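Results of the structural survey
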Amino acid sequence: MREFFFNLTWLIPLFPLLAFFVIILFTNEDTKKHHKLSHIIAIGAIGLSWIVGWGVAFSAFTTPHLGEHPIHITAPWFPTGSTVFNIGVWVDPLMAVTLFMVPFVCLMIFIYSVGYMGYDTHEVDPHYSRFFAYIALFAAGMLGLVVSENLLTLFISWEIMGLCSYLLIGFWFEKNYPDPKQITPRQAGLKAFLTTKVGDAFLFLGLLYLYGQAGSLSYADTLFNEEFLHHLAETPAFPILGGWSVASVIGALMFGGAVGKSAQFPLHVWLPDAMEGPTPVSALIHAATMVSAGVYLVARIFPLLHIVVEVEHHNPAMGLIAFIGAFTALFASVIAVAQNDIKRVLAYSTISQLGYMIAALGIGAFVAGAFHLITHAFFKALLFLGSGSVIIGCHHEQDMMEMGGLKDKMPRTFWTFVAGGFALSGFPIITAGFWSKDEILAHAWDEFLHEGMVSWPFFVWLLLTLAAFLTAFYTGRQISLTFLGKPRGHHAEHAHETPNSMTVPLMLLAVFAVTLGFAGMPEEIVGHGNNWFHGFVGHEYPATPLSLLVMLLSAALAVGGLGLGWLVYGRKPLAHGEMDPLERAMQKIGLGWLYEAMRHKFYFDELYHATVIRGVIKLADIFFYFDNRWVVDPIVNLVGRVGRLLSDILGIFDLRVIDGLVDLAGRTGASLSALSGWVDNVVVDDIAVNGTGRVTGWIGARVLRPIQTGRAQNYLLVALITVLALLGLYLAYL
Amino acid sequence: MAVPLHWYLIVAAALFCIGLYGVLSRRNAIGILMGIELMLNAVNINLVAFWRYLTPAVSTGQAFALFAFAVAAAEAAVGLALIIAIYRSRDTVIIEDIDLLRG
């Protein structure tokens with residue numbers, strides 16, 4: 001049975017890929033029939049992927065010692081010189097738990113999309129079929145990334161997702177806003193694409209470097225090849241990097257890809273704007289799966305990072321990763337506190353939670369990071385879908401200040417949202433987020449105890465703990481503003497519960513958001529060997545020791561944050577148009593500027609606009625001027641002008657000299673021929689020819705003719721005289 | 001030898017000159033032909049005389065003389081035939097009138 005599923009693994013990404021082509025080619029019309037066919041095909045395909053995916057995942061869960069002996073099914077793809085690129089599937093614990101999460105969340109989101117995109121209502125999206133084609137392609141990319149057995153197919157899937165995120169964020173590309181400063185879906189799609197490309201460039205460099213070292217990109221040859229990893233960890237990279245090993249450099253470069261994809265500081269700017277896409281897209285791409293791909297990548301290359309720690313007891317690349325993750329976690333949660341758009345709060349919360357995972361991997365908490373990756377995907381998908389449900393229920397109102405009092409109008413959405421929100425905050429014991437987040441904090445604490453007060457694990461722990469409190473606070477704020485109190489806008493007053501196709505996925509996800517944490521409870525609580533998640537995924541890494549202090553602290557922070565959020569926003573509900581109490585409080589103590597900065601996301605968009613974007617435009621201007629004004633065109637023009645001048649000179653030369661010469665030659669020829677004509681006429685004809693004739697005639701007439709008398713006697717006489725003369729001569733000289 | 005060679009030579013020269021004069025001066029073609037016979041015979045006298053006085057041992061001179069006779073006879077026959085032919089066509093044998101080769 002296990003073999004059967006393992007052999008079918010390659011089909012998992014193929015179903016949605018096929019669905020994409022079928023929908024885009026055959027059922028692409030804006031008719032109800034095609035809409036129905038489209039979502040049936042897409043949901044059917046992801047359903048098949050889900051069945052096979054869970055088959056594979058559960059087969060993997062029950063395979064003993066999978067970690068030591070991953071399933072590796074491969075076929076040669078294309079040869080390159082002396083090496084061959086393979087294509088195939090790789091089943092190991094990390095892949096299995098991710099495969100447990102991805103197709104299920106995708107399926108939920110696909111089903112939810114039927115309601116969200118308004119199937120069979122008057123609000124149905126005109127590009128309904130296209131939407132399902134895109135999300136199917138997206139799912140194919142994500143599933144392909146998960147099942148890949150090498151980094152090349154991983155990278156290809158990665159880029160397919162990049163393309164899909166562009167297409168889906170800009171899905172409502174025709175939308176324009178009256179405020180020109182508000183980003184449109186078009187711009188948001190472009191921004192997401194370009195920003196993640198910055199990271200992808202680093203990832204690509206990392207892949208090239210790794211390929212240059214290994215001559216292969218398959219996991220078996222590189223990431224799971226102890227000997228090779230040791231070699232990489234012991235080889236120093238470029239001297240300029242101050243003793244970083246090749247493994248560290250490759251790890252840091254590939255982490256650059258994750259920074260882009262998982263929206264880590266400083267490439268985090270695209271994710272909040274990606275909320276311009278339809279909400280299922282936000283859930284699918286920007287919460288549950290695509291941004292998880294970055295974390296998944298870092299978890300994938302974790303052996304490469306960890307080997308350096310084993311060899312040198314310290315990996316600067318991991319320090320970098322941990323610090324960026326922790327900083328992003330706090331930084332994004334601070335911004336989230338001051339956001340009023342229900343989706344943007346979640347967007348910053350996603351960035352923050354991804355920071356947690358990245359930080360976890362950076363401090364070596366592989367299991368905790370992977371665990372949080374899985375639990376977060378469930379509850380964040382739940383939260384996004386819940387917010388989408390709120391948005392649909394409120395007729396596309398997204399401002400929380402216009403909401404309020406939805407608890408009774410949308411009970412299913414409310415209770416599932418609370419479950420998701422509590423999981424996000426890490427509400428003690430009964431939520432998945434508590435266990436996974438606590439494990440990260442405990443690991444950071446443990447590292448800090450080993451390393452001492454001024455070590456970076458301490459800062460990581462501190463930042464993450466602060467972020468945990470803020471996360472709970474803004475979640476409490478969000479729940480209070482959205483669901484409690486009385487409606488503050490007419491949209492919220494007329495809100496209604498959304499159809500079953502939307503609420504049922506919410507409830508299913510809520511179940512996981514609550515229960516999934518029990519799979520990874522610390523051994524100190526459940527007994528030795530009963531931490532299933534750690535035993536399955538992280539058998540080779542030591543378990544994180546439970547720290548009661550940390551656990552109590554994080555529980556207190558979660559409850560305190562939520563309570564504070566409720567105290568500030570829920571206990572005394574805001575009236576319509578009232579100022580945010582936090583803003584008021586901060587203004588009172590002279591921190592109004594800070595709140596303003598938080599609301600404006602610490603002006604990063606403006607900063608990037610002023611530096612990178614303007615810089616690029618300026619650079620383009622400089623190149624334009626270089627090309628058109630200063631150097632290239634002037635040179636071209638100069639050459640042209642010199643050429644023209646030269647040709648003018650040559651023209652004059654031609655006219656005067658060459659033509660003159662030709663004329664001269666012609667004239668000379670004419671003169672010569674005239675001369676020769678004269679010579680012919682006068683000398684040859686008159687003198688020579690006629691002269692000869694005349695002379696001859698004259699001689700004949702006057703001399704020879706008279707001699708020729710015709711009388712033989714005359715002739716004889718001449719002969720006689722001649723003989724006598726000769727005789728005389730003879731005699732005279734002899 | 002009462003008669004020396006040069007006497008014969010003188011006679012032959014005289015005879016030749018008479019013949020030559022006749023050839024150059026006679027207007028009648030027959031007369032010219034007769035002059036030519038005289039000149040030939042003068043040569044014959046020379047041939048015989050030189051043979052008799054200088055080389056009597058060999059008969060070359062006599063043979064040449066006999067050739068000359070034979071040629072003269074043939075010449076006379078052809079010459080007379082030509083003259084008769086001319087006479088028949090032009091009705092004259094006066095050599096001055098027969099100037100067909102005049103330029």
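How each quantity is defined
Residues numbered from 1 in each chain as written. Chains lettered and ligands numbered in written order. Predicted model: local features only at pLDDT ≥ 70, side-chain atom pairs only at ≥ 80, totals over all residues. Helix = DSSP H or I, 4+ residues; strand = E, 2+ residues; numbered from the N terminus. Rg over C-alpha atoms; globule rule 2.2 N^0.38 Å. Buried ≥ 20, exposed ≤ 12 C-beta atoms within 10 Å, placed from the backbone. Contact = placed C-beta atoms within 7 Å. Expected span 1.5 Å × (residues − 1). Arc of directions from axis to C-beta. Core = buried A, V, L, I, M, F, W, Y, C linked by C-beta atoms within 7 Å. Nonpolar A, V, L, I, M, F, W, Y, C, P; charged D, E, K, R; others polar. pLDDT = per-residue confidence, 0-100.

Examining the overall build of chain B
When you go through chain B residue by residue, the secondary structure sums to three helices and zero strands. Helices and strands in chain B line up, N terminus first, as α-α-α. The C-alpha atoms of chain B give 17 Å as radius of gyration, which overshoots the globular expectation for 103 residues (13 Å, by more than 25%). Principal-axis analysis of the C-alpha atoms places the extent of chain B at approximately 55 × 25 × 25 Å. The proportion of buried residues among the 103 residues of chain B is 13%.

With respect to the environment of Leu 24 of chain B
Considering the arrangement of structural elements, one finds Leu 24 of chain B in helix 1 (residues 5-25). Sequence separation of Leu 24 of chain B and Asp 91 of chain B is 67 residues, and the distance between their C-alpha atoms is 22 Å. Each residue touching Leu 24 of chain B, except ones within four places of it in the same chain, is listed here: Gln 713, Leu 716 and Leu 717 of chain A.

Looking at helix 2 (residues 14-26) of chain A
Residue and element names in this part refer to chain A. Along its 13 residues, helix 2 runs 18 Å from first to last C-alpha, staying within 8% of the 18 Å computed at 1.5 Å per residue. Of all the positions in helix 2, only Phe 15, Pro 16, Ala 19, Phe 20 and Ile 23 are classed as buried. Burial along helix 2 is one-sided: seen end-on, the buried residues are contained in an arc of 140 degrees. Contact partners of the buried residues in helix 2: helix 3 (32-61) and helix 5 (128-147).

Describing the nonpolar core
All names here are of chain A. If you look at the biggest cluster of nonpolar residues, it comprises 227 residues, and the most contacted ones within it are Ala 136, Phe 378, Ala 381, Leu 464 and Ala 513. Looking at which element gives the most residues to this core, the answer is helix 4 (residues 93-116), with 19 residues. Beyond its immediate sequence surroundings of up to four residues, Phe 378 is in contact with Met 101, Val 105, Ala 432, Leu 509, Phe 512, Ala 513 and Leu 516.

Looking at the interface of chain B and chain A
Across the boundary between the two partners, chain B contributes nine residues, which contact 10 residues of chain A. Taken together, the residues that form the side of chain B that touches chain A break down as five nonpolar, one polar and three charged.

Comments concerning the environment of Phe 469 of chain A
Residues and elements named next belong to chain A. Note on placement: Phe 469 falls in helix 19 (residues 456-483). In this structure the C-alpha to C-alpha distance between Phe 469 and Gly 561, which are 92 residues apart in sequence, comes to 5.4 Å. For Phe 469, the contacting residues outside a window of four places in its chain are Leu 557, Gly 560 and Gly 561.

Focus on the confidence of the model for chain B
All names here are of chain B. Residues with a pLDDT of 70 or more make up 98% of chain B, whose mean pLDDT is 89. The spread of mean pLDDT over the elements of chain B runs between helix 3 (residues 60-90), the lowest at 90, and helix 1, the highest at 92. Reported confidences for the modelled complex are a pTM of 0.73 and an ipTM of 0.83.

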